[in-house]
Amino acid sequence: MASTKGWPPRWSTLNPNQRTRTRGDQAAEFINAYCRITKSSVGGNAGDLIVLRPWQLKLIDALLAEDATPAHKSGKSALGAGLALWSLFCGDDGGEVYSCAGTRDQARIVFATAKRMVELDGELSSVAKVYRDAIEIPSTGSVYRVLSREANASEGLSPTLCVFDEVHVQPDD
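As a starting point, this report considers the structure included with it. Given the structure is predicted, the values throughout are model-derived calculations rather than measurements. Position numbers for residues count from 1 along each chain, tracking the sequence in the order it is written. The predicted origin of the model limits local features to residues at a pLDDT of at least 70 and limits the giving and counting of side-chain atom pairs to 80 or more, whereas totals for whole chains, interfaces and linings rest on all residues. To get the side-chain values, take all heavy atoms of the structure and skip hydrogens and water.

**Topic: the overall build of the protein chain**
Strands are runs of DSSP state E lasting at least two residues, helices are runs of H or I lasting at least four, and both sets are numbered from the N terminus onward. The helix and strand tally for the protein chain stands at five helices and five strands. Taken from the N to the C terminus, the helices and strands of the protein chain come in the order α-α-α-β-α-α-β-β-β-β. Taken over 173 residues, the protein chain has a buried fraction of 39%. As displayed, the protein chain offers around 10,300 Å² of accessible surface, 49% of which is attributable to carbon and sulfur atoms. A 1.4 Å probe rolled over the protein chains alone gives each residue an accessible area, and that area as a share of the maximum for its type sets the label: buried under 20%, exposed over 50%, partly exposed in between. In this description, accessible areas are obtained by the Shrake-Rupley approach with a 1.4 Å probe, and a residue is regarded as covered only by the protein chains that are shown.

**What about the side chain of arginine 108?**
You can see arginine 108 is positioned in helix α4 (residues 104-120). As used in this structure description, the phrase polar contact means that two N or O atoms lie within 3.5 Å; if the pair is within protein, one of them must be able to donate a hydrogen and the other to accept it, and residues adjacent in sequence are counted only when both atoms belong to side chains. In this structure the side chain of arginine 108 is engaged in a polar contact, spanning 2.9 Å, whose partner is the side chain of aspartate 133. Aside from chain neighbours lying at most four places away, what touches arginine 108 is Arg132, Asp133 and Val146. Contacts between residues were defined by any pair of non-hydrogen atoms, one from each residue, lying within 4.5 Å.

**Here we look at the environment of isoleucine 50**
If you trace the backbone, isoleucine 50 turns up in the loop between α1 (24-34) and α2 (54-63). Along the chain, isoleucine 50 and alanine 33 lie 17 residues apart, while their C-alpha atoms are 7.9 Å from each other. Once residues within four sequence positions are removed from consideration, isoleucine 50 is found in contact with Ile31, Asn32, Cys35, Arg36, Ile37, Ala78 and Met117.

**Quick look at the pairing of strand β5 (residues 161-164)**
What you see with β5 is a clean split: Leu161 and Val163 sit on the buried side and Cys162 and Phe164 on the side with no burial. In short, DSSP must find at least two bridges between two strands for them to pair. In the sheet, strand β1 (residues 96-100) pairs with β5 via four bridges, with the strands oriented parallel. By the bridge assignment, serine 99 is partnered in β5 with valine 163.

This is the structure in structure tokens:
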């Protein structure tokens, strides 16, 4: 990996000198092509396509490393939403993607960003059914849902990707 200021983060378990197979380039290509900014900010205007920053590209590579285990207002929600949509639209048929957090309201933050990204893109919205707490792709049987610790009936799920927000507030495993 090329040197980027602040990389790797001090919590990363990825060895920066070790070559690792990753699907990060595929996820980044999807996010840059389909995911749009939902609120005007320093990152751009609402409706503009997201342009991932170098640190985000490196983070995606690390998160999607196939043989490795893997930060306020830094774009984490948009990044998480983009990864969730990539998995939903480009993953295996019957995929199950979840936004998770300690509370349902917290779990909805990343999901709401992803939902808005779908609504802002004609191609994505033409193949998806968007509901309050779910996005479905009828042609593949894949679904993206909101979950929380408050959910009692979470057994039997088979997630293909979980975007877990605020994991540090969880009281236990």
